[in-house]
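The chain contents come next:
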Amino acid sequence: MDKRQAIGSWLSGPRETAEQMGVDFGHPGKQLGLPPQGPGSVARFGRRLGALAIDWLACQLIAYGLLTGRDWTAAGNWTLALFVVLSVLTVGTVGFTPGKRILGLRVISQDGGRLGLGRVVLRTLLIALVVPALVWDRDGRGLHDRLARAVQVRS
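Calculation criteria
- Residues numbered from 1 in each chain as written.
- Predicted model: local features only at pLDDT ≥ 70, side-chain atom pairs only at ≥ 80, totals over all residues.
- Heavy atoms only, no water.
- Helix = DSSP H or I, 4+ residues; strand = E, 2+ residues; numbered from the N terminus.
- Buried < 20%, exposed > 50% of the residue type's maximum accessible area, 1.4 Å probe, protein only.
- Polar contact = N/O pair within 3.5 Å; in protein donor to acceptor, adjacent residues only side chain to side chain.
- Contact = heavy atoms within 4.5 Å.
- Patch = residues over 30% accessible without salt bridge, like charges linked within 9 Å, V, L, I, M, F, W, Y side chains within 5 Å.
- Areas by Shrake-Rupley, 256 points an atom, 1.4 Å probe, with all protein chains shown as cover.
- Salt bridge = Lys/Arg side-chain N within 4 Å of Asp/Glu carboxyl O.
- Phe/Tyr/Trp six-rings, centres within 6.5 Å; stacked < 30°, edge-to-face > 60°.

Visitor: Can you tell me about the side chain of Thr90, naming the residues and giving the values?
Guide: Here Thr90 is to be found in helix α4 (residues 72-93). The exposure class assigned to Thr90 is buried, which follows from its relative accessible area of 17%. Among the polar contacts made by the side chain of Thr90, one reaches the main-chain carbonyl oxygen of Phe96 at a distance of 3.4 Å. Setting aside chain neighbours within four positions, we find Thr90 in contact with Gly95, Phe96, Thr97 and Pro98.

In structure tokens:
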């Protein structure tokens, strides 16, 4: 076998090459016992990003309009603080933020139950750091979800 084929090209990547060689990775969430699609399946990146954008924009508008006296330069830190409070309160009580609700997502524990407050706080603080949310596994879960033993699913 050609060495380039075993490693994968920079276009296809090593996952595609491994799949061509017969490795079955399964669908995202298979390791967690989740269905491949529909309600209860792992939420895809685009939908999760959209929910985050909705929540961030709402927090930014609240910070701008109510807390900073319409000063965009002062709204940044307030936006982050509001986002953390919003996430802890809403995910900790009902399992979703307003953005997640709009896009049909919810956050659950790996075992299918609700997330405890401590795990919600850990998850939210890691999201606020940004970097953990940019590192994800083959199930599509960010490092923040892995460390909090959580998964975002379609509702």
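Visitor: How would you sum up a nonpolar patch on the surface? Please name residues and give values.
Guide: A contiguous nonpolar patch, built from Phe45, Leu49, Leu52, Leu122, Val130, Val131, Leu134, Val135, Trp136, Leu143 and Leu147 and spanning about 1,000 Å² of accessible area, is present on the exposed surface. Of all the secondary structure elements, the ones that give two or more residues to the nonpolar patch are α3 (45-67), α7 (131-134) and α8 (143-147). At three residues, the largest contribution of residues to the nonpolar patch is made by α3.

Visitor: Could you give an account of the environment of Gly142, with specific residues and numbers?
Guide: Along the chain, the position of Gly142 falls in the loop between α7 and α8. For the pair formed by Gly142 and Pro132, sequence separation is 10 residues and the distance between their alpha carbons is 6.4 Å. Not counting the four nearest positions on each side in its chain, Gly142 is found in contact with Pro132, Val135 and Trp136.

Visitor: Go over the packing of aromatic side chains with me, naming the residues and quoting the values.
Guide: For the structure shown, the criterion picks out three aromatic pairs. Here the aromatic rings of Trp56 and Phe83 are separated by 5.7 Å at their centres, their planes lie at 55 degrees, and the arrangement is tilted. Taken together, the residues Trp56 in helix α3 and Phe83 in helix α4 connect sequence positions 27 residues apart. What makes Trp56 partly exposed here is its relative accessible area of 33%. For the ring pair Tyr64 and Trp72, a centre distance of 4.0 Å and an interplane angle of 10 degrees mean the geometry is stacked.

What is shown is where atoms sit, not what they do.
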